[in-house]
Amino acid sequence: MMAAMLTRRDFLQTTACALGGLAFVNCNVPGAASPTASLTAASPPGAQGRRREVVVNGKRAKTVDVHAHCAVPEALARLNLKLEGAFLRPDLDMMTAVSARLAAMDEQGIDVEALSINPNWYKAERDLARQVITIQNEKLAEVCAAHPERFVAFATVALQFPDLAAEQLEESVKKYGLRGAAIGGSVNGEELSDPKFHPFWAKVEQLGVVVFIHPQPDGAPAQLSQRLTGNGYLNNVIGNPLETTIALSHLIFEGTFDKFPGVKVIAAHAGGFLPSYSGRADHGCPTRPDVCPGGTHGSIKKTPSAYLTQLYYDTMVFHPEGVRHLVAEVGASQLLVGTDAPYPWTKTAVDLILQTPGLADADKMAMLGGTAARLLGIQ
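Because the structure is a prediction, the values reported are computed rather than measured.

Scoring rules and cut-offs
- Residues numbered from 1 in each chain as written.
- Predicted model: local features only at pLDDT ≥ 70, side-chain atom pairs only at ≥ 80, totals over all residues.
- Heavy atoms only, no water.
- Helix = DSSP H or I, 4+ residues; strand = E, 2+ residues; numbered from the N terminus.
- Buried < 20%, exposed > 50% of the residue type's maximum accessible area, 1.4 Å probe, protein only.
- Contact = heavy atoms within 4.5 Å.
- Areas by Shrake-Rupley, 256 points an atom, 1.4 Å probe, with all protein chains shown as cover.
- Axes fitted to C-alpha atoms, helices over the stretch in contact; angles between N-to-C directions.
- Parallel < 35°, antiparallel > 145°, perpendicular 65-115°, else oblique.
- Left-handed = near helix turned anticlockwise from the far one by under 90°.
- Nonpolar A, V, L, I, M, F, W, Y, C, P; charged D, E, K, R; others polar.
- Core = buried A, V, L, I, M, F, W, Y, C linked by side-chain atoms within 4.5 Å.
- Pairing = 2+ DSSP bridges.
- Patch = residues over 30% accessible without salt bridge, like charges linked within 9 Å, V, L, I, M, F, W, Y side chains within 5 Å.
- Salt bridge = Lys/Arg side-chain N within 4 Å of Asp/Glu carboxyl O.
- Disulfide = S-S within 2.5 Å.
- Expected span 1.5 Å × (residues − 1).

**Student:** Help me understand the overall build of the chain in this model?
**Tutor:** Of the regular secondary structure elements, the chain holds 14 helices and 13 strands. For the chain, the proportion of its 379 residues judged to be buried stands at 54%. Considering only intrachain contacts with a sequence separation of at least 6, the fraction spanning at least 24 residues in the chain is 79%. In the structure as shown, the chain presents an accessible area of about 15800 Å², 54% of it carried by carbon and sulfur atoms.

**Student:** What exactly am I supposed to notice about the packing of helix α5 (residues 162–174) against helix α6 (residues 198–207) here?
**Tutor:** Two packed helices can be described by the angle between their axes and the distance between those axes. Between α5 and α6, the least distance of the axes is 8 Å, while the angle of their chain directions is 20°. In terms of their interaxial angle, α5 and α6 are classed as roughly parallel. As for the relative orientation of α5 and α6, their crossing is right-handed in sense. From α5, Pro162, Ala165, Ala166, Leu169, Glu170, Val173 and Lys174 reach across to α6, where they touch Pro199, Phe200, Lys203, Val204, Gln206 and Leu207. The residue makeup of the contact of α5 with α6, split by class, is nine nonpolar, one polar and three charged.

**Student:** Help me understand the nonpolar core in this model?
**Tutor:** Nonpolar side chains in soluble globular proteins tend to end up buried together. Ranked by size, the top nonpolar core spans 80 residues in total, and within it Leu159, Leu169, Ile183, Leu192, Phe200 and Trp201 carry the most contacts. The dominant element in this core, judged by the number of residues it contributes, is helix α4 (residues 126–146), at eight residues. The contacts of Leu169, once residues within four sequence positions are left out, are Val157, Gly180, Ala181, Phe200, Lys203, Val204, Leu207 and Val209.

**Student:** Can you walk me through the sheet that holds strand β5 (residues 151–153) in this structure?
**Tutor:** One key point about sheets: their strands pair by backbone hydrogen bonds, in either a parallel or an antiparallel sense. With parallel pairing, the three strands of this open sheet are ordered in space as β3-β4-β5. The sheet is open, and its two edges are formed by β3 (64–69) and β5, each paired on a single side. For this sheet, the mean angle separating the axes of adjacent strands, direction not counted, is 30°. Of the strand pairs in this sheet, β3 and strand β4 (residues 112–116) are connected by four bridges, and their pairing is parallel. When the sheet's bridge partners are listed, Asp65 is paired in β4 with Glu113. Across the sheet, α4 is in contact with β4 and β5; its angle to β5 comes to roughly 160°. Seen against the sheet, helix α14 (residues 361–376) touches β3, β4 and β5 and runs at an angle of roughly 70° to β3.

**Student:** I'm lost on a nonpolar patch on the surface in this one. Help?
**Tutor:** A contiguous nonpolar patch, built from Val237, Ile238 and Phe273 and spanning about 220 Å² of accessible area, is present on the exposed surface. Following the sequence through the fold, Val237 ends up in helix α8 (residues 234–237). Residue class for Val237 comes out partly exposed when judged on its relative accessible area of 39%.

**Student:** Honestly, the packing of α4 against α5 in this entry has me stumped. Any pointers?
**Tutor:** At a minimum axis distance of 11 Å, the contact between α4 and α5 shows a crossing angle of 20°. When the axes of α4 and α5 are compared, the pair comes out roughly parallel. Considering how the two elements wind past one another, α4 and α5 form a crossing that is right-handed. The residues of α5 that touch α4, namely those facing Arg126, Ala129, Arg130, Ile133 and Asn137, are Asp163, Leu164, Glu167, Gln168 and Ser172.

**Student:** Help me understand the environment of Pro221, please; the structure alone is not making it clear to me.
**Tutor:** Counting through the fold element by element, Pro221 comes out in helix α7 (residues 220–223). By relative accessible area, which is 5% here, Pro221 ends up buried. A C-alpha to C-alpha distance of 8.2 Å links Pro221 and Leu242, two positions 21 residues apart in sequence. Setting aside anything within four residues of it in sequence, one finds Pro221 in contact with Gln216, Leu228, Asn235, Gly239, Asn240 and Glu243.

**Student:** Please explain the state of the cysteines as it appears in this structure.
**Tutor:** Defined simply, a disulfide is a covalent bond joining two cysteines at their sulfur atoms. What the rule picks out here adds up to one disulfide. Bridging Cys285 to Cys292, the disulfide has an S-S length of 2.2 Å. Residues Cys285 and Cys292 share a disulfide whose torsion about the S-S bond is about -75°; that sign makes it left-handed. Residue Cys285 shares its accessibility class with Cys292, and that shared class is buried. Looking at Cys144, it has no disulfide partner, and the nearest cysteine sulfur is the one in Cys70, 8.4 Å off.

**Student:** Help me out: how do you make sense of helix α9 (residues 239–253) in this one?
**Tutor:** For an α-helix, 3.6 residues make a turn, and residues three or four places apart therefore share a direction. Relative to the 21 Å expected for 15 residues at 1.5 Å per residue, α9 spans 21 Å between its end C-alpha atoms, a close match to the ideal helical length. The buried fraction of α9 is high, at 11 of 15 residues. Taken together, the buried positions of α9 are occupied by Gly239, Asn240, Pro241, Glu243, Thr244, Thr245, Ala247, Leu248, Ser249, Leu251 and Ile252. Gly255 lies just past α9 and shows a positive phi near 85°.

Read these as spatial facts, not as claims about activity.
This is the structure in structure tokens:
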């Protein structure tokens, strides 16, 4: 363990100022305004403007955003991709975006962001996938080292090769100091509950780190593309939460959470539709026991809705009543701030928690950042 710590220390000392090559990207929101301000590794006091301090009944709350995206141009190049167009925008390079990101965080009252990269490498061959992941995880570690009080990060892993993904997760945690892994809602059409992914889930449980599940466009949005065309941006508004709903449902009903009870998962977009429709999940198998062999709810050990209270969710539901409902379904202890930064789904994620009726001060403190800090090892 000491050797791993020394390796990580050496790495961070070497890379603390090497910020080139990391870029922020979005949850597929075209047409959003882009930041253009430049970055210095250590901005002078006041350079970012006055930082909003969030206070709950006289007590300073440390706020943590668990849903914030980025990308690495060097890794994209290995995949014959580049920062261009509506989704991988060229004006989001780290060297021109970080100071604007920090300014937005300061304005919104976000103390720390947990950075993640949406998977676009699941079809890559093993050697290429290894290269892409190494580049990305090193760059994520660099930006966290340069701004240790403002950023932590989820590792990237080549989940199409579960054994390799397990190795990459362990390396990213022990060598680079990353705080878990960010993965898609499915992998080339295969569910995360498939037994082939058990080596990855076993490593997650062994390390005691958290996994952030975020949908990617080639899941449900692509599979339902004909139905989701037209006005309303439905491929994202409906498609993304649906992908998360399907992923979590399989992890529950196929027994993954029974096999790996120590696994900690953060679900993007408030867990999709699952927390709002958990009653139907509880009634499915009793209604059709012929398709659920093994017991009242198939072979799983608990009522399906009981698993929801062991997962974590961002609060990207935009209305206080939505947050109140999530609290009623899964508990305030399971909810975390999410913004989808740097794109403008919301600029009031902190205020959303503060304005939700019926929350005790302790619940607000936990939701604003206390729970996320514990999960992610933020001091």
